[in-house]
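# Report on the structure
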Amino acid sequence: MHDPAVLRSMHRARFQADPAIFVAPGRVNLIGEHTDYAEGFVMPAAINFATLAAISPRSDGKIVLYSENYGEEKTFDASALPPKGSQHWSDYPLGVAHILAGEGHKLPGCSVSLWGDVPLGSGLSSSAALEVASALAFLSLMDASYPGPVLARLCQRAENEYVGANCGIMDQFISANGQENHALLLDCRDLSYKLAPIPDHVALVIANTMVKHSVSGGDYPTRRRESEAACAVIASHRSGVPFLRDATLEDLEKWGHEMEPKSYLRAKHVISENLRTVAACDALLRGDMKELGRLMGEAHVSYSRDFEGSCVEADTMVALAQDLPGLIGARLTGGGFGGCTINLVEQAEAAAFAEALGARYAAQTGIVPEIHICHASAGAHRLE
Ligand code: GLA
C-alpha cells in the first residue's frame, strides 16, 4: 500500500489543507465466480493493494478530485453533479457522491486526493477500492456512517447506476468488510457472512496474465444474460427459482434441453460453483487444504470450459502452476477474460513458486507477468 504520509503532504501542497485519510483494499476471490449476481456464494479476501482517499472541506461549493495515478484534477459543482458517468476515472467517486445525494446526504464542497496501487484492469477490484475509499471520505465530511454491508450496497449501486457496469456485490462487499488474515464466505442473497481464517503457512500468490479485463466490456454482461436466460427456463417449470442460486443440477438435467446450449453451460457453471464455494469454505475451516485446492482446480475447469470465462493466457498460467512445489490450488480469479490467477501456496515455497511461475509463463507466452505474494488484509477504514 502507498504511504499515507506521502499522500498527506501531496494533498497539503496541492490544496493547502490538512486531510483526513481513508483506505479501501482491492480483493482476490478464492472461489465463487459469477455467482454473486445470481444471489449465490463467493469467498474473497481483501488484499494488501489498496486505494487511499485524502479529503478536506472547501468553502467554494466545488468538489475537486485529483488522481495521483492519472496525474489529473477535475472540478465539479457539489450542487450540480453530472447525472451519469462519462467513462472517466472520476465516475467512481462521482457515482458514490451521486448515490449518497440520492440517500439525502448533502455533500459539501471538498478537495479529494486519490492514490492507489491496485493494478488497474487486472480483476483485483481497483474500481471497488476507489468507490469504497471515496464513500468513507465523503461520509466523514458529513459526520455520517453506514454499517459495512450497507456501504457496500451503496457503492455497488454507484457502479451499476452511475458508472454503468452491471456487477454484483462481491467486490464492494469485501473491500468494505474484509478482515486481516481471513477469507469471507458471503451469501449474496442476504449479505450474511462467515469468516474463515487463512492459516499462516498459506500465501496468496497472485499472478497477473497482463491481459486486461473489464466488467463494462461486452463479455461480462453477455455471460450474465446467458446464465439468466437458463434460470428463466427453469423458473417457467418450477416456481421459487428467481435466481440460479435456487436451481439445482437436477433442474438443469430436467429442462436443460429447452435452453440454448451456451445458456445450459453457463448455468451448469453457476449452479455447481455455488456448491463448490460452500464446500471450499468448509474445507478451509477444517484446515483441509488438499480439498480446498481440489475444489479450486475444479472451479477453474468449470469457469474455463462451461462458463467460457477464461482466456488462453489464464489457462496457461493455471496449467503452468500445477506441478510447482508448494501449490495448494490455482484458478483464474475475478470477472474473467484476462486478469489474474490466484494460487494458494505454502508460505515457505511462495518466493520460489512465484519466480518459477513467472519464468515459465514468460517462456511460454512471451509476456512478462507481474506476480505478487499477498496476504489477506483488513477492509476499508480511516488511517490516523
Ligand atoms: C467482477 C464483478 C463481481 C463478480 C465477479 C465475477 O469482479 O464486479 O461482481 O460478478 O466479476 O465473479
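The shown structure was predicted, so the numbers you read here are calculated from the model rather than taken from an experiment.

Thresholds applied
Sequence order as written defines residue numbering, which begins from 1 separately in each chain. At least 70 in pLDDT is required for a residue's local features to be given in this predicted model, at least 80 for side-chain atom pairs to be given and counted, and no such filter applies to totals for whole chains, interfaces and linings, which use all residues. Hydrogens are left out, water is left out, and the side-chain values use all remaining heavy atoms of the structure. Any residue with at least one heavy atom within 4 Å of a molecule or strand is counted as near it. The definition of a polar contact used here is a pair of N or O atoms within 3.5 Å, where within protein one atom must be able to donate a hydrogen and the other to accept one, and adjacent residues in sequence count solely through side-chain atom pairs. Per-residue and other accessible areas follow the Shrake-Rupley method at a 1.4 Å probe size, with only the shown protein chains counted as cover for residues. Residue ranges for the domains trace back to a domain assignment, done automatically or taken from a database. Here a strand is any run of E in DSSP of at least two residues, a helix any run of H or I of at least four, and the numbering for each starts at the N terminus. Expected span of a helix: the number of residues minus one, times 1.5 Å. Throughout this description, buried means an accessible area under 20% of the type-specific maximum (1.4 Å probe, protein chains only), exposed means over 50%, and partly exposed covers the range between. Think of a salt bridge as a Lys or Arg side-chain nitrogen and an Asp or Glu carboxyl oxygen that are within 4 Å of each other.

Our next topic: the site of the ligand. Around the ligand, 13 residues are found, and the nearest of them are Glu-33, His-34, Asp-36, Asp-171 and Tyr-220. At 2.9 Å, a side-chain N or O of Arg-27 approaches an oxygen atom of the ligand. Within the backbone of Gly-168, an N or O atom sits 2.8 Å from an oxygen atom of the ligand. Its free accessible area being 310 Å², the ligand has 98% of it covered by the protein chains. For the shell around the ligand, the domains that each give at least three residues are domain 1 (4-198 + 378-383) and domain 2 (202-374).

Glancing now at helix H4 (residues 148-163). Counted at 1.5 Å a residue, the expected span for H4 with its 16 residues is 22 Å, and the 21 Å between its end C-alpha atoms agrees. Along H4, the positions that sit buried rather than exposed are Gly-148, Leu-151, Ala-152, Leu-154, Cys-155, Gln-156, Ala-158, Glu-159, Tyr-162 and Val-163. Just beyond H4, the residue with positive phi is Gly-164, at close to 95 degrees.

One non-glycine residue, His-34, adopts positive backbone phi at about 60 degrees. Looking at where His-34 falls in the secondary structure, it is placed in the loop between strand S1 (20-31) and strand S2 (41-57). Its identity is not glycine, yet Leu-191 carries a phi of approximately 60 degrees, on the positive side. Structurally, the position occupied by Leu-191 is in the loop between strand S6 (182-187) and strand S7 (192-197).

Turning to the pattern of salt bridges, a few remarks are in order. When charged atoms on two side chains of opposite charge get close, those side chains can pair. Scanning the model with the defined rule gives 25 salt bridges in all. When the shortest N-O distance is used, the salt bridge between Glu-226 and Arg-223 registers 3.9 Å. Taken as a pair, Glu-226 and Arg-223 lie in helix H6 (residues 219-237) at a separation of three residues, close to a single helical turn. Note on Arg-223: relative accessible area 10%, which makes it buried. One network of salt bridges, with partners in common, ties together Glu-273, Arg-276, Glu-291, Arg-294 and Glu-298.

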